[in-house]
Amino acid sequence: MNVVIDKRPIWVILLSRSLRPLFFVVVAIIFWYLVSIPTPDGLGLEGQRTIALFVVCLILWVSGVLPLAITSLLAIVMVPLLGVLDKKAAYALFGNEAVFFILGAFILSGAVMHSGLAGRTAVVIMSRFGETPKRLIASIFFLAAVLSFFMSEHAVAAMFFPIVLEIAKGLNLKPGKSVYAKSLFLALAWGCIIGGVATFLGGARVPLAVGMLKEATGINIGFFEYTAAAFPTVLIMLLIGYFMLTKFLPSDVEDIHKIKAVFERKIKELGKIGYAEYAVGVLMAVTIFLWLFLGRTIGIANIAIASVVVLFVFKLVRWKDIEEYVNWGIILMYGGAITLGAAMEKSGAAAWIANTVISEWARSPLIIIAILSLLTILLTEGMSNAAVIAILLPVGIGIAGKFNLDPRIITYTIAIPAGLAFCFPMSTPANAIAVSSGYVTARDMAKAGVLMMISAWVLFNITVFIYWPLIGIKI
Amino acid sequence: MNKYKTLHNPAYLKIDLMLNGIKADNETIQRLGLDLRYGYTGVTGGLDILLPHNTWVNASFLEEFAKSSKYELVLRDKKTFIKAGDESVKVDIMPKPEFYKLSTATGIPLSKIGAMHGGYVAITPDTRCEFFNMNIECRYCAGNFNSGGSGRVYTVEEVLETVDAANKEGKAEIVYLSIGFSETPDGGIEFLKPYIKAIKKHFNTLVAVEALPPKENHFIDETYAVGADSVLYNMEIFDERLFKEICPGRDRLIGRERYIDALKYAAKVFPNGTVATHLIVGLEPAESTIKGIDFFTGIRVVPILPIYRPSVGANLLNYKVPSLDDVLPVYRDLYHAVKKNKININWVRDISVITTPIEARFFAKTKFNKTLMERFYKTKLGVKTAWGLSTLRRKLRVREGGEG
Ligand code: SF4
């Protein structure tokens, strides 16, 4: 039983409860107002209605008053009701490749976790390399990052959490006081966050962005292509992160030999490596190989779903074991976001916003990239990173059209920074998990996170300016 | 000479009766129709008498010490009086409830499961207390809670049958659930949860829970969330040294500090006036109990002050029953302290086995008039309102964790 008692005065609770219905009434009024004002020049009636719906979804996604998935379902229902797309087309968008890729990735990542392969890899590597305080930090940080290249960063954070907690307890570190404990948990969170933007697999937001791009423009981005664009940011952020963890949070612990016993016990508990672990490991390696080299021809979703089928053919997992790893909420959210994104594009709403609202400040492609990435990185600190993509990408694609920019550039500009949320527990589950330990406070996280956030934004823009042209991304 | 005119002050009379019991000859017992099969002995087993000003008392009349009491129960013209010397006062004898004669479907007499005390039906689903097995039981405890580790655990269904029967008689305004000590971090609430849930699901009644302070505060949140309207963590003795001596189990396995912290926290979770702790009068010097009263009312906890009556089986030695003179300053302080700290005293009322803060007003120099609220809460509508408000408050305050 997990309950929270609201200890505020009753009148405050009553007031806040009555705010909820009031909030929905206000949202309804805003919607009604936006659809009933005269249609602006250059925008059709469908575009106007889509913008009204977009504003409603934006308010709901940002405020979090409704679960993200439910707002998305609302979008799917409203798009045909407003006459923007017909029913068939709106619901068909839910069958987007990205949605099935995410589903496959959740199941594969669940299999890696459930088989024990991920946990074993983590413990073995940490016990082998984590002999000094700095090396232990390095093993947690880089290992969390590398694992997040291949599976959901949230799953990696959840898997590492009990191990790092045991290390902190084994070293008798004081919650909220020990600097070393803070770096241990920040290493865990930052490793997952930075590693999570490296490939399609770290978080479901990149496939979402790619799916939205494909629905709106027909342009596809391959697994390898995305990683090539994101990798320098990831690599340098890892170095900056490690520098911050070891220099800004200097260790107050000298000897960590005590935790050797923790690792030994964990390895003993795992027993010898089993058939399922081997098989899941091989299947994962083959899947990643196919994504990298045949993703464009076969399709990344096809590869993911085919691998899932293989998992079950060989009875490597049972459906019951996997169900808890599949975040149906995220899948529903993505379906709705893709539908809304497509409606924005097809109704001309995205182009109209880009033309009228954004053309004011958008003087050159580089300024557009700088501002969009800044907006993304700021928004992602306060809200779900998938919601940031759902909000910014349709408009971003409209801007690309207006400035003759390759829409893939805008997709990268939003998808990569959307994952780099360092400041608050609510920014991303990895941060929330670190703060829930009690060893890092939200304040510690915000202080160190702001520096990471600024570094990430500056670095991303330098990468855009210097590195992207080298790999053929013309701005 | 009766220095305090106890007969005409219900609170004085209550305390005196609790301390010294009441005489009742066989003829009176027979004429009153008291069925002695239904446990009229023990700490809470005496005769429930309704004194003037709606004051309940549970007075011993079968125990040896009651034979020398100055009070006597007499019947005149089918009316019952308590007589002391030449004076007498009219009272009502509460017959043992009808449901005491019934049994559960499993054959257990309901009188074994539930005990009526004024407006409460008290139920202890598991009568075992592990302190006894470790030899660290509370020194005043006669083992009335404990069956030496072999006590029958009453099932949820058996408890529901009891509450149902009491409810049909209109006698379950409040169901009081309690539990002895078991070595779990939750203080016994995990065990009581299914009972609380079931009672709340089937009856519109208030539930009070007497448990041990849990090790972590989230169990207190859960106690409230699951449906308890009131909670008691009984510290019994406020003085640090005497607490160690008299309550070795509570001291060693829970600790005085934890009692205080848990009560402090519970007072922030539960409504005003519904978190309480017993401080036994007479087992520590009056000044120390007064200190306890002032401390607890300061953190919005209601001190409930039972008087210890010597019981066969308790291993508390050298116990001297306090006199009225000894205990009066304590009760006076109780009334002033609850008033000063604006503690709602409508919740802990109508209990025959302890003196409630509401009754303590008879010791202060105030009029005996009932307040409007007090009158209201005694009516049927008042009882329903109390239940409704308590339920609404819980609905507003409790949020499922992780909800977004
Ligand atoms: S906790 Fe103390 S008073 Fe209660 S049953 Fe156990 S020994 Fe007796």
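For the structure, see preceding data.
These numbers were taken from a predicted model, which means no experiment stands behind them.

Reading the values: rules and limits
- Residues numbered from 1 in each chain as written.
- Chains lettered and ligands numbered in written order.
- Predicted model: local features only at pLDDT ≥ 70, side-chain atom pairs only at ≥ 80, totals over all residues.
- Heavy atoms only, no water.
- Contact = heavy atoms within 4.5 Å.
- Buried area = accessible area lost by both parts, 1.4 Å probe.
- Polar contact = N/O pair within 3.5 Å; in protein donor to acceptor, adjacent residues only side chain to side chain.
- Helix = DSSP H or I, 4+ residues; strand = E, 2+ residues; numbered from the N terminus.
- Nonpolar A, V, L, I, M, F, W, Y, C, P; charged D, E, K, R; others polar.
- Pairing = 2+ DSSP bridges.
- Axes fitted to C-alpha atoms, helices over the stretch in contact; angles between N-to-C directions.
- Expected span 1.5 Å × (residues − 1).
- Buried < 20%, exposed > 50% of the residue type's maximum accessible area, 1.4 Å probe, protein only.
- Salt bridge = Lys/Arg side-chain N within 4 Å of Asp/Glu carboxyl O.

Participant: With reference to specific residues and values, describe the interface of chain B and chain A.
Facilitator: When the parts come together, some accessible area is lost, and that loss is often what is quoted as the size of the interface. Across the boundary between the two partners, chain B contributes 19 residues, which contact 14 residues of chain A. Between chain B and chain A, a total of about 1,500 Å² is buried, with carbon and sulfur atoms accounting for 58% of that surface. Between chain B and chain A we count five residue pairs in polar contact (both at pLDDT 80 or more) in total. Among the elements of the structure, helix 7 (218–226), helix 10 (256–269), helix 14 (380–397) and strand 13 (398–400) of chain B are those that each provide at least two residues to the side of chain B that touches chain A. Sort the elements by how many residues they give to the side of chain B that touches chain A and helix 7 of chain B lands first, with five residues. Partitioned by chemical class, the residues of the side of chain B that touches chain A number seven nonpolar, three polar and nine charged. The pairing of strand 1 (residues 3–5) of chain A with strand 13 of chain B spans three bridges and is classified as antiparallel. Residue A:Val4 lies in a different strand from strand 13 of chain B, and its bridge partner there is B:Arg399.

Participant: Help me get a handle on the sheet that holds strand 9 (residues 206–211) of chain B, residues and values and all.
Facilitator: Residues and elements named next belong to chain B. Strand order in the open sheet made by the seven strands is 6-7-8-9-10-11-12, with mixed pairing throughout. Unpaired on one side and paired on the other, strand 6 (114–117) and strand 12 (302–304) mark the two borders of the sheet. Taken pair by pair, the neighbouring strands of this sheet meet at an average axis angle of 25 degrees, ignoring direction. Relative to strand 12, strand 11 (residues 275–278) runs parallel, the two being bridged by three bridges. When the sheet's bridge partners are listed, Thr 277 is paired in strand 12 with Pro 303. Across the face of the sheet, helix 6 (residues 189–202) comes into contact with strand 8 (174–178) and strand 9 while running at roughly 170 degrees to strand 9.

Participant: Give me the lowdown on helix 19 (residues 385–402) of chain A, citing residues and values where you can.
Facilitator: Residues and elements named next belong to chain A. If you check helix 19, its first and last C-alpha atoms are 25 Å apart, about what 18 residues at 1.5 Å a residue would give, namely 26 Å. When you tally the buried positions in helix 19, you get 16 out of 18 residues, the bulk of the element. Backbone geometry just downstream of helix 19 places Asn 404 in the positive-phi region, at approximately 55 degrees.

Participant: I'd like to hear about the side chain of B:Asn58, residue by residue, with values.
Facilitator: Summarising the element assignment, B:Asn58 is placed in strand 2 (residues 55–59). At a separation of 2.9 Å, a polar atom in the side chain of B:Asn58 contacts the side chain of B:Asp48.

Participant: Residues and numbers for the pattern of salt bridges, please.
Facilitator: Residues and elements named next belong to chain B. Summed over the entire model, instances satisfying the criterion amount to 24 salt bridges over all chains. Asp 16 is the salt-bridge partner of Lys 70, the closest N and O atoms lying 3.2 Å from each other. Taken together, the residues span a long stretch of sequence, with Lys 70 in the loop between strand 2 and strand 3 (72–76) and Asp 16 in helix 1 (residues 10–20) at a distance of 54 residues. On the accessibility criterion, Asp 16 (5% relative accessible area) is buried.

Geometric descriptors of this kind do not, in isolation, establish any biological role.
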